[in-house]
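Okay, here's what each chain looks like letter by letter:
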Amino acid sequence: MIKLITRLHYLLIVFIVVNAHAQSKGPFFNVLDYGASNDGTNRATKGINAAIQAAKFAGGGTVYIPAGNYICGPIELVSNLELYIEAGATLKFPAENLPFIKGRNQGIECLVPVPLIGGHDLENVTITGRGTITTSNAEWMKLKPRYGGSAAGPNWLNLLKELEIKTPASKEDYLKAAPELRPPFIQVMNCKNVLIEGIHIIGSAMWPVHILYSENVVVQNIIIETYPGVHTGGIYLDSSRHIRISNCFIETGDDGIVIKSGKDADGLRVNRPTEDVTITNCTVRHAHGAVTLGSEIAGGLRNIVVSNIICDSTQIGIRIKSRRGRGGFIEDVRFNNWTMENVGQAINVTNYYAMEGEVFADDTTVSDRTPRFRNIAISNITINHSRVVIDIEGLPEMPIEGLRISDLVGFGKTGMKASNTIDLELHNVQINAEKGPAFLVRNSNDLELDNISTRKPLMDAPVIRIETSPGAIVRNSKAYPGTNIFLSTEPNHLQDIIMVGNVTTNAKKITVETGGDFWKVKEPPTEHSPE
């Protein structure tokens, strides 16, 4: 009898706590009560949006989508809303033509299709639960195919050209381009205090999660599976601030977690940065870049920390990209505690990227259209089975400044290539390459190589090759058994290099001055799959 009373008392306490928690969340709106069908036979859009409007009228609350199969059109969010998608609930969005709103597509302000789930100018919005939202990228690509190397159709390509002449473009150009674009899955624009957690996204028409012009946003514990969808990617941060991303799994056919701030002349006109971002405890598979900064950086990217990332079978791991003409900057960024397996380029920092339909610009005039990379730190990285361990490409007219790489061990077909940098530092870096120099650097002022090595020296290549890099320092580094040449330079350039505290007794030749093209092996474009 005493045990029974104790158990009843316990259950009563649980009931009170759960009920109090439910009450604290405000009114509760079950979409089935508003006519939504969950048997997959009829459209549930009206019922779901009716429940959301009822929550809006009540001043906020939880809109509950119970288990079942729902066929949906666009769902419009409101302020002070929790959209709860229950485990066992699947919301399927068919490919179809949608109305347009003002928004941004690939860094360009324009008319865009309404998001499948989204809202603008909102506060206090949550999308949560363990349910699934899904759509078919293949069906969307049939409805709105690409054209001639463009990301969309011919009118989109024409709009991009017009914006280089005048921004904004004519109303007619925007109206022509809009029908060629595909909608994001989830998009919040000009919103504050947003939480997206727990849900499972399968497939996407375009970007699965797009955070645009928003602040104080948390994305956590979500699963995104869009591989091999075109332009699907994972989570996109776009001219937003105070963002926290954590504990997510992303398997995608484009970049995994992406940070942007506007493209070219149009992005410079808008001039809104993405800043104050933390990303941690995520796994990314089959992406172009696991975590990507750029290439649309016209508004600038700054104060970004990316830590504790597992990267598997991606074309690139850490990816920082832009090009002449973009403008903007990337500064004050830290990547820490990564493991990478079966990647193409493990670390890629370049100002020679080109999107679909673009050609490489050759105007070397420094202006507000010249991108700037500075003060970037990459540390505690493990890389296995890469095609290229590190690839760094600055511009001659605007070198990458203050890039520091430390505590890295990497295995790859080729090692590190770096050109056009200022204050490039490597500390405690071991690179084991199958061909070519482990460390290949040129046109880099104030280079510092500290405690660098390879445990797999090659007879036909030096461990270190430095070209046209006055003020370079090589110190506290070690030649392992089997080393033929430790350091190679161009003829008459050895005097430009300071060597201090190196252990070179295992090298047959400590230094060699010789010609030869160590850069002759060209890497395929970064969008290609790893070999």
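**Some details on the overall build of the protein**
Then comes step 1: A count of helices and strands for the protein gives 6 helices and 38 strands.
Then comes step 2: Here the C-alpha atoms of the protein give a radius of gyration of 26 Å, agreeing with the 24 Å that 2.2 N^0.38 yields for 531 residues.
Then comes step 3: With the C-alpha coordinates aligned to their principal axes, the bounding extent of the protein is approximately 85 × 75 × 35 Å.
Then comes step 4: With 531 residues in all, the protein has 56% of them scored as buried.
Then comes step 5: For the protein, the proportion of contacts with a sequence separation of at least 24, taken over those separated by at least 6, is 71%.
Then comes step 6: As displayed, the protein has an accessible area near 21,500 Å², and 53% of this comes from carbon and sulfur atoms.
Then comes step 7: For the protein, the separation between the mean place of its 51 positive charges and that of its 56 negative charges on side chains is 3 Å.

**Some remarks on the pattern of salt bridges**
Then comes step 1: Going through the model one piece at a time under the given rule, you end up with 20 salt bridges.
Then comes step 2: Among the salt bridges present, the one from Arg 269 reaches Asp 266, with a minimum N-O distance of 2.9 Å. Taken together, the residues span about one helical turn, with Arg 269 and Asp 266 both in helix H6 (residues 264-270) at a distance of 3 residues.
Then comes step 3: Among the residues examined, Arg 269 registers a relative accessible area of 37% and is labelled partly exposed.
Then comes step 4: Overall, Asp 266 belongs to the buried group, its relative accessible area being 1%.

**What to know about the pairing of strand E27 (residues 329-341)**
Then comes step 1: Relative to E27, strand E25 (residues 301-312) is paired through 10 bridges, and the arrangement is parallel. Residue pairing for E27: Arg 302 is matched across the bridge by Glu 331.
Then comes step 2: Inspection of the sheet shows E27 paired to strand E29 (residues 372-393) by 11 bridges, in the parallel sense. Across the sheet, residue Trp 338 finds its bridge partner in E29, namely Ile 381.

**A look at the packing of aromatic side chains**
The geometry of an aromatic ring pair comes down to the distance between the two centres and the angle between the two planes.
Then comes step 1: For the coordinates displayed, the defined rule picks out 6 aromatic pairs.
Then comes step 2: When the ring of Phe 335 is compared with that of Trp 338, the centres are 6.0 Å apart and the planes differ by 65 degrees; the resulting orientation is edge-to-face. Each of the two residues, Phe 335 as well as Trp 338, counts as buried.
Then comes step 3: Taken together through their ring pairs, the aromatic side chains of Phe 28, Tyr 64 and Tyr 84 make up a single cluster.
Then comes step 4: Here Lys 321 stacks its cationic end above the ring of Tyr 353, 4.1 Å away from the centre of that ring.
Then comes step 5: Seen from the ring of Tyr 480, Lys 478 lies directly overhead, with NZ or CZ sitting 4.7 Å from the centre.

**A short note on helix H2 (residues 45-57)**
Then comes step 1: Spanning 13 residues, H2 covers 18 Å between terminal C-alpha atoms, matching the ideal 18 Å at 1.5 Å per step.
Then comes step 2: Inspection of H2 places Thr 45, Gly 47, Ile 48, Asn 49, Ala 51, Ile 52, Ala 54 and Ala 55 among the buried residues, and these make up the whole buried set.
Then comes step 3: Among the structural elements, strand E1 (28-30), strand E2 (39-43), strand E3 (61-65), strand E4 (68-71), strand E5 (75-76) and strand E6 (81-85) are those in contact with the buried residues of H2.
Then comes step 4: Following H2 by one or two positions, Gly 59 adopts a phi angle in the positive range, close to 90 degrees.

**Observations concerning the confidence of the model for the protein**
Then comes step 1: Averaged over all residues, the pLDDT of the protein is 92; the fraction at 70 or higher stands at 93%.
Then comes step 2: Overall, residues 1-24 carries pLDDT values under 50, and its contacts beyond four positions in sequence, including any with other chains, amount to 0 contacts.
Then comes step 3: Throughout residues 524-531 the model reports pLDDT below 50, and contacts reaching past four residues in sequence, or to other chains, amount to 19 contacts.

Rules used in this analysis
- Residues numbered from 1 in each chain as written.
- Predicted model: local features only at pLDDT ≥ 70, side-chain atom pairs only at ≥ 80, totals over all residues.
- Heavy atoms only, no water.
- Helix = DSSP H or I, 4+ residues; strand = E, 2+ residues; numbered from the N terminus.
- Rg over C-alpha atoms; globule rule 2.2 N^0.38 Å.
- Buried < 20%, exposed > 50% of the residue type's maximum accessible area, 1.4 Å probe, protein only.
- Contact = heavy atoms within 4.5 Å.
- Areas by Shrake-Rupley, 256 points an atom, 1.4 Å probe, with all protein chains shown as cover.
- Lys, Arg positive; Asp, Glu negative; His and termini not counted.
- Charge placed at Lys NZ, Arg CZ, Asp CG, Glu CD.
- Salt bridge = Lys/Arg side-chain N within 4 Å of Asp/Glu carboxyl O.
- Pairing = 2+ DSSP bridges.
- Phe/Tyr/Trp six-rings, centres within 6.5 Å; stacked < 30°, edge-to-face > 60°.
- Lys NZ or Arg CZ within 6 Å of the ring centre and 35° of its normal.
- Expected span 1.5 Å × (residues − 1).
- pLDDT = per-residue confidence, 0-100.

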